[in-house]
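Read off the chains here:
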Amino acid sequence: MMKIQTAYMGEMTIDPTMILNFEHGIPGFEGEKQFIQLPLGENGAFQILQSVKTKDLAFIITSPYIIKENYDFEIDEATVHALDIRSEEEVAVFVIVTLKDTLAESTANLRAPLVVNTRNKKAKQVILNDEAYAIRHKLDLQSEKG
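Within each chain, residue numbers correspond to sequence positions counted from 1 in written order. Local features in this predicted model are restricted to residues of pLDDT 70 or higher, and side-chain atom pairs are both shown and tallied only at a pLDDT of 80 or more, whereas totals for entire chains, interfaces and linings draw on every residue. No hydrogens and no water enter the side-chain calculation; it runs on all heavy atoms of the structure.

Things to note about the overall build of the chain
Counting from the N terminus, the helices are DSSP H or I runs at least four residues long and the strands are E runs at least two residues long. In terms of helices and strands, the chain carries 1 helix and 11 strands. Along the chain, helices (α) and strands (β) appear in the sequence β-β-β-β-β-β-α-β-β-β-β-β when read from the amino end. Radius of gyration: C-alpha atoms only; globule rule: 2.2 Å multiplied by the number of residues to the exponent 0.38. Since a compact globule built from 146 residues should have a radius of gyration of about 15 Å, the 15 Å found for the chain is in line with a globular shape. Viewed in the frame of its principal axes, the chain has a C-alpha envelope of about 45 × 40 × 25 Å. Buried, partly exposed and exposed residues are distinguished by accessible area as a fraction of the type maximum, computed with a 1.4 Å probe on protein chains only: under 20%, between the cut-offs, and over 50%, respectively. Here the chain holds 146 residues, and the buried ones make up 41% of them. Should any heavy atoms of two residues lie within 4.5 Å, those residues are considered in contact. Considering only contacts in the chain between residues 6 or more positions apart, those separated by 24 or more positions represent 52%. Computed by Shrake-Rupley with a 1.4 Å probe, the accessible areas treat only the displayed protein chains as cover when residues are assessed. Carbon and sulfur atoms make up 51% of the accessible area of the chain, which amounts to about 8,500 Å² in all. Neither His nor the chain ends contribute to the count of charged residues, in which Lys and Arg are positive and Asp and Glu negative. To locate a charge, take atom NZ for lysine, CZ for arginine, CG for aspartate or CD for glutamate. Charged side chains in the chain number 15 positive and 22 negative. The centres of these two groups are separated by 5 Å.

Structure, rendered in structure tokens:
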């Protein structure tokens, strides 16, 4: 176990085997290579992606599938190779949320999902070349459920 400082929860003890490794960092934060997922709230819909190294660097993340049920994209071969993905079952996908004053005004970046290999904890933010997905997709969770 190891202790880290977090942006929202103070000092926490984490299991080092749960650290996600972004080999090239996250775009804009290339020096940040290790993050940990922390729970946010009771329902588990949102999580915190906390930098292990930098206390004040934390992103709110969620599953894109609760925002847009038919969310779908192909993982390119370079990403499959970089993350050593062997099967679809070991892939988890998250998107970064930008919180505004209200949840309805908040947005999720559907064009740049985080792809995580749950087996080996390798992760990468993938930039999609798909105009169908917005960088600032409204989190109006009610309208997408129909």
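Here the narrative resumes.
Focus: the nonpolar core
In summary, soluble globular proteins display a tendency toward joint burial of nonpolar side chains. The nonpolar core is taken to be a set of buried Ala, Val, Leu, Ile, Met, Phe, Trp, Tyr and Cys residues, with the residues joined through side-chain atoms within 4.5 Å. With 26 residues, the main nonpolar core has I14, I36 and Y71 as its most contacted residues. No other element matches strand β7 (residues 91-98), which puts 3 residues into this core. Each residue touching I36, except ones within four places of it in the same chain, is listed here: I4, I14, D15, M18, I19, I48, L49, Q50 and V52. If you look at the next biggest cluster of nonpolar residues, it comprises 14 residues, including F22, F35, L49 and I96.

Re the pairing of strand β1 (residues 2-6)
The criterion for strand pairing is that DSSP finds at least two bridges linking the strands in question. As defined by bridge partners, β1 adjoins strand β2 (residues 10-14) across 5 bridges and the pair is classed as antiparallel. Residue I4 lies in a different strand from β2, and its bridge partner there is M12. Hairpin remark: β1 followed by β2, antiparallel, with 3 residues in the connecting loop.

Description of the packing of aromatic side chains
Only Phe, Tyr and Trp rings are paired, with Trp represented by its six-membered ring, and only when their centres lie within 6.5 Å; those with planes under 30 degrees apart are stacked, over 60 edge-to-face, the remainder tilted. As enumerated under the stated definition, the model contains 6 aromatic pairs in all. Where Y65 meets Y71, the ring centres are 5.8 Å apart and the plane angle is 75°; that geometry is what we call edge-to-face. On the accessibility criterion, Y65 (36% relative accessible area) is partly exposed. The class of Y71 is buried, set by a relative accessible area of 3%. Here the aromatic cluster, defined as three or more aromatic residues joined through ring pairs, consists of F22, F29, F35 and F59.

Considerations on the pairing of strand β4 (residues 34-40)
Bridge count for strand β3 (residues 20-22) against β4 is 2 bridges, and the pairing is antiparallel. When the sheet's bridge partners are listed, L20 is paired in β4 with F35. Two strands pair when backbone bridges link them, and β4 and strand β5 (residues 46-51) are joined in this way by 6 bridges, in the antiparallel orientation. Along β5, the bridge assignment pairs F35 with S51.

Brief notes about the side chain of T79
Relative to the helices and strands, T79 is located in helix α1 (residues 77-82). Setting aside residues no more than four positions away along its own chain, T79 makes contact with I85, K124 and V126.

What about the environment of Q50?
You can see Q50 is positioned in strand β5. According to the relative accessible area criterion, Q50 is buried, its value standing at 0%. Once the C-alpha coordinates of Q50 and L20 are considered, the two residues, 30 residues apart in sequence, prove to be 9.9 Å apart. In this structure Q50 touches I4, Q5, T6, A7, Q34, F35, I36, L38, K55, L57 and A58, once residues within four positions along its chain are discounted.

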